[in-house]
Amino acid sequence: MRRARDIVGAQMMDVHSGEMIGVVSDLFFDREGRLQGLLLEKKQWFGAPPFLPVTRIHSIGEDLVMANGAPEPLPEDKSKQWYALFKGDQHMTGHPVVTSNGKQLGILEDVYFQEKMGNIIGYEISDGFLADLTEGRHVVQHPDKIMFGKDAFVIHQSPAVPHADFRP
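Right, let's walk through the structure included here. Remember, it's a predicted structure, so these values are computed and weren't measured experimentally.

## A short note on the environment of I57
And step 1. Along the chain, the position of I57 falls in strand β6 (residues 57–60).
And step 2. Of the residues examined, I57 reaches a relative accessible area of 15% and is grouped as buried.
And step 3. In contact with I57, not counting residues within four places along its chain, are L35, L38, L52, V65 and M66.

## Comments concerning the nonpolar core
And step 1. Formed by 33 residues in total, the largest nonpolar core has its most connected members in M12, V65, M92 and V111.
And step 2. Where this core is concerned, the elements lending two or more residues are β3 (20–29), β4 (35–40), β6, β7 (64–67), β11 (104–113), β12 (120–126), β14 (145–148) and β15 (153–156).
And step 3. Setting aside residues up to four positions removed in sequence, M92 forms contacts with F29, Y83, A84, L85, L108, V111, I120, F148 and F153.
And step 4. Judged by nonpolar contacts, the second largest core, of 6 residues, contains L39, F51, L74 and W82.

## A word on the side chain of Q36
And step 1. Here Q36 lies in strand β4.
And step 2. In this view, Q36 contacts F28, F29, D30, F51, L52, P53, V54 and W82; residues no more than four positions away in its chain are not counted.

## A short note on a nonpolar patch on the surface
And step 1. Nonpolar side chains collect at one region of the surface, where F129, L130 and L133 lie side by side and expose about 390 Å² of accessible area between them.
And step 2. Inspection of the secondary structure puts L130 in helix α2 (residues 129–135).

## Observations concerning the packing of aromatic side chains
And step 1. Under the counting rule described, the total for this entry stands at 4 aromatic pairs.
And step 2. A centroid spacing of 6.0 Å and a plane angle of 80 degrees characterise the contact between F28 and F51, whose relative ring orientation is edge-to-face. A residue pair is termed long-range when its members are at least 10 positions apart, and F28 in strand β3 and F51 in strand β5 (residues 50–53) qualify at 23 residues.
And step 3. Residue classification places F51 among the buried positions, given a relative accessible area of 1%.
And step 4. Look at F28 and W82: their rings are 6.2 Å apart centre to centre, the planes differ by 55 degrees, and that puts the pair in the tilted class. Within this pair, whereas F28 is found in strand β3, its partner W82 is found in the loop between α1 (76–81) and β9 (83–84), the two being separated by 54 residues in sequence. Taken as a pair, F28 and W82 share a single burial class, namely buried.
And step 5. Members of the aromatic cluster, connected to one another through ring pairs, are F28, F51 and W82.

## Considerations on the pairing of β15
And step 1. Bridge count between strand β10 (residues 96–99) and β15: 3 bridges; the pairing is parallel. Note on β15: the bridge partner recorded for V97 is F153.
And step 2. Both β14 and β15 contribute to a ladder of 4 bridges, which runs antiparallel. For I146, the partnering residue across the bridge sits in β15 and is I155.
And step 3. What sits between β14 and β15 in their antiparallel hairpin is a turn of 4 residues.

The rules behind each value
- Residues numbered from 1 in each chain as written.
- Predicted model: local features only at pLDDT ≥ 70, side-chain atom pairs only at ≥ 80, totals over all residues.
- Heavy atoms only, no water.
- Helix = DSSP H or I, 4+ residues; strand = E, 2+ residues; numbered from the N terminus.
- Buried < 20%, exposed > 50% of the residue type's maximum accessible area, 1.4 Å probe, protein only.
- Contact = heavy atoms within 4.5 Å.
- Core = buried A, V, L, I, M, F, W, Y, C linked by side-chain atoms within 4.5 Å.
- Patch = residues over 30% accessible without salt bridge, like charges linked within 9 Å, V, L, I, M, F, W, Y side chains within 5 Å.
- Areas by Shrake-Rupley, 256 points an atom, 1.4 Å probe, with all protein chains shown as cover.
- Salt bridge = Lys/Arg side-chain N within 4 Å of Asp/Glu carboxyl O.
- Phe/Tyr/Trp six-rings, centres within 6.5 Å; stacked < 30°, edge-to-face > 60°.
- Pairing = 2+ DSSP bridges.

What is shown is where atoms sit, not what they do.
This is the structure in structure tokens:
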């Protein structure tokens, strides 16, 4: 399990040439919470930022992200379908997280995902600055279903089952 925020800022290297490609600046997920690729920091003022699709990620290590080949421009049509984690028009962090039972859980701050599968397996939620300091943030793990909406993320769960919650 990896926390997405820990990957931002990591160097990316081509596994075949040993060449440094760039620095990870964001992660893209689809509506089902599957990793679609990594956005790299722009080196030029104009043009689309470099993007490495998930199919070309060789591994995500402790120190480096290893890539199979060079990044490509971020596809404009896909950037409108996917959610960036931290930046852009459709970013995930900073949005409210609520349950389908009508409970407000807090604000989405980060996600945890499996490196091999690329699926989000947990959502780090803040209850506010003071609560974060005194109690820490909490993580909702393996919700039945989460809907990425315009104004909030809605966790769908059966009414009889409370959400799985732990404090890291």
